[in-house]
Structures are given as structure tokens and as C-alpha cells.
Amino acid sequence: MDKEFISVREIQLLYADTDMMGVIYHANYLKYFELGRTGLIKDLGYSYLDMENAGYFAPVYDIQATYKKPLRYGDKGFVKTWIEKNDGIKTIYGYSIVNGEDEVCAEGTSTHIVVKKDNFRPIAFKKAFPEWFLRYEDIKKK
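Residues numbered from 1 in each chain as written. Predicted model: local features only at pLDDT ≥ 70, side-chain atom pairs only at ≥ 80, totals over all residues. Heavy atoms only, no water.

> Help me understand the overall build of the protein chain, please; the structure alone is not making it clear to me.
When helices and strands are counted, the protein chain shows four helices and seven strands. Listing the helices and strands of the protein chain from first to last along the sequence gives β-α-α-β-β-β-β-β-β-α-α. Taking 2.2 N^0.38 as the reference for a compact globule, 142 residues should give roughly 14 Å; the C-alpha atoms of the protein chain span a radius of gyration of 16 Å, in line with that estimate. Buried residues in the protein chain amount to 40% of all 142 residues. Sequence-distant contacts, at least 24 apart, represent 66% of the contacts inside the protein chain between residues at least 6 apart. As presented, the protein chain carries roughly 8,100 Å² of accessible surface, and 52% of it is formed by carbon and sulfur atoms. (Helix = DSSP H or I, 4+ residues; strand = E, 2+ residues; numbered from the N terminus. Rg over C-alpha atoms; globule rule 2.2 N^0.38 Å. Buried < 20%, exposed > 50% of the residue type's maximum accessible area, 1.4 Å probe, protein only. Contact = heavy atoms within 4.5 Å. Areas by Shrake-Rupley, 256 points an atom, 1.4 Å probe, with all protein chains shown as cover.)

Structure representation (C-alpha cells):
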């Protein structure tokens, strides 16, 4: 492929996800990041379930979010996800949450490592899943 790949998923904005101001509560954006990340992985033909069945987890190592514009109940919302960095040990996913007018409402990153399921000891992503790692290399942000 040799070019950046961006996965897009529509977000279902529920009334229950708003705060008293009718704005989507800030912690819900982390759920939207997960929606985007698992969507990107699915788009590429992989899954966390397959990873877990192989004896590994990919926990969050670090997460960052910046809020730019309120997303409100009744708006359309989308999460765009890409591979920001993939060094063989850590993978950094990039996110942009936009409204129906494609205005950026929030953006952020999450950093993930791969650990063995039985003892939570880190293992290199490129060693545990070489094909998956190389696919990320093909599509990561240049």
C-alpha cells in the first residue's frame, strides 16, 4: 500500500453520553478512540480477539486527548484513526473526532504495547505479530 491509511467510523452519540450542558462528556472520547482503533484493526483484517487467543494483550500505555470544539447530542460524529508511529515495541494510534461538517472536535493519541497474557511481560510487537507489524509499517503516517 505504501501510503497512510485512515479508518473512519461513525459515532453513535447517545443522550446518556452528555453532561448537564448537552455536550458529550469528555471521558466518552476515550471510548470513541477505542471504536476507531478496533475499526482500523478490523479494516486491516486483524482483531484483538485473535491477539488474545494467541496469548497476548495490547494494553494502553499512554493516552492523550485535546478538546477543540463541543460535540453535542444531535450532532453527527466520526472518528478518524491512523497509525502515528510503530517502532516494533510501541504503537501510537492517532485520532481525530469530527462533527458532520468535518470540524475537528477532539484529537489525540493512544500508545499501546504488547504483553504476554499469562504474566503481562512486554514482548516486541514485531516479534509476536510480524505480519501485523509490517502492515502497520506500510500504512503509518509518513
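Still to come is the rest of the account.
> Before we go on, may I ask you to explain the nonpolar core in this structure?
As a rule of thumb, nonpolar side chains are buried together in soluble globular proteins. In this structure, M51, I97 and Y136 are the most contacted members of the largest nonpolar core, which totals 32 residues. Considering every element that reaches this core, the biggest residue donor is helix α1 (residues 28-43), with five residues. Setting aside anything within four residues of it in sequence, one finds Y136 in contact with L40, I41, L44, I83, N86, T91, Y93 and F125. (Core = buried A, V, L, I, M, F, W, Y, C linked by side-chain atoms within 4.5 Å.)

> Looking at this structure, I do not really get the packing of aromatic side chains. What am I missing?
For any pair of aromatic rings, the description rests on two quantities: the centre-to-centre distance and the angle between the ring planes. This structure, assessed with the given rule, holds 14 aromatic pairs. Between Y15 and Y73, the ring centres sit 5.5 Å apart and the planes meet at 80 degrees, which makes this aromatic pair edge-to-face. Here Y15, found in the loop between β1 (7-11) and α1, pairs with Y73, found in the loop between β3 (60-67) and β4 (77-86); they are 58 residues apart in sequence, far enough to count as distant. On the basis of relative accessibility, which here comes to 47%, the residue Y73 falls in the partly exposed class. (Phe/Tyr/Trp six-rings, centres within 6.5 Å; stacked < 30°, edge-to-face > 60°.)

> When you look at a nonpolar patch on the surface in this model, what are you seeing that I'm missing?
A grouping of L30, V60 and I63 is seen on the molecular surface, where their side chains present a nonpolar patch of about 230 Å² in accessible area. By the element assignment, I63 lies in strand β3. Exposure remark for I63: the relative accessible area of 37% places this residue in the partly exposed category. (Patch = residues over 30% accessible without salt bridge, like charges linked within 9 Å, V, L, I, M, F, W, Y side chains within 5 Å. Salt bridge = Lys/Arg side-chain N within 4 Å of Asp/Glu carboxyl O.)

> In this structure, what is going on with unusual backbone geometry? I would like to understand it.
For D102, which is not glycine, the phi dihedral falls at a positive 65 degrees. Mapped onto the secondary structure, D102 falls in the loop between β5 (90-99) and β6 (104-116). According to the relative accessible area criterion, D102 is partly exposed, its value standing at 47%. Positive phi, normally seen in glycine, also occurs at F120, with a value near 60 degrees. Within the secondary structure, F120 sits in the loop between β6 and β7 (122-123).

> Please clarify how the environment of N53 should be interpreted in this entry.
By the secondary structure assignment, N53 is in helix α2 (residues 48-53). For the pair formed by N53 and K117, sequence separation is 64 residues and the distance between their alpha carbons is 9.4 Å.

> Just checking my understanding: could you explain the pattern of salt bridges for this structure?
When the charged atoms of two side chains lie near each other, side chains of opposite charge can form a pair. All chains considered together, the criterion is met by eight salt bridges. Of the charged contacts, one joins K80 and D102 as a salt bridge, the two residues approaching to 2.9 Å between their closest N and O atoms. Of this pair, K80 sits in strand β4 while D102 sits in the loop between β5 and β6, placing them 22 residues apart in sequence. Overall, K80 belongs to the partly exposed group, its relative accessible area being 24%. With a closest N to O distance of 3.7 Å, K141 and E84 form a salt bridge. Highlighted residues: K141 in the segment after α4 (130-139) and E84 in strand β4, separated in sequence by 57 residues. Owing to a relative accessible area of 29%, E84 belongs among the partly exposed residues under this scheme.

Structural measurements only, silent on function.
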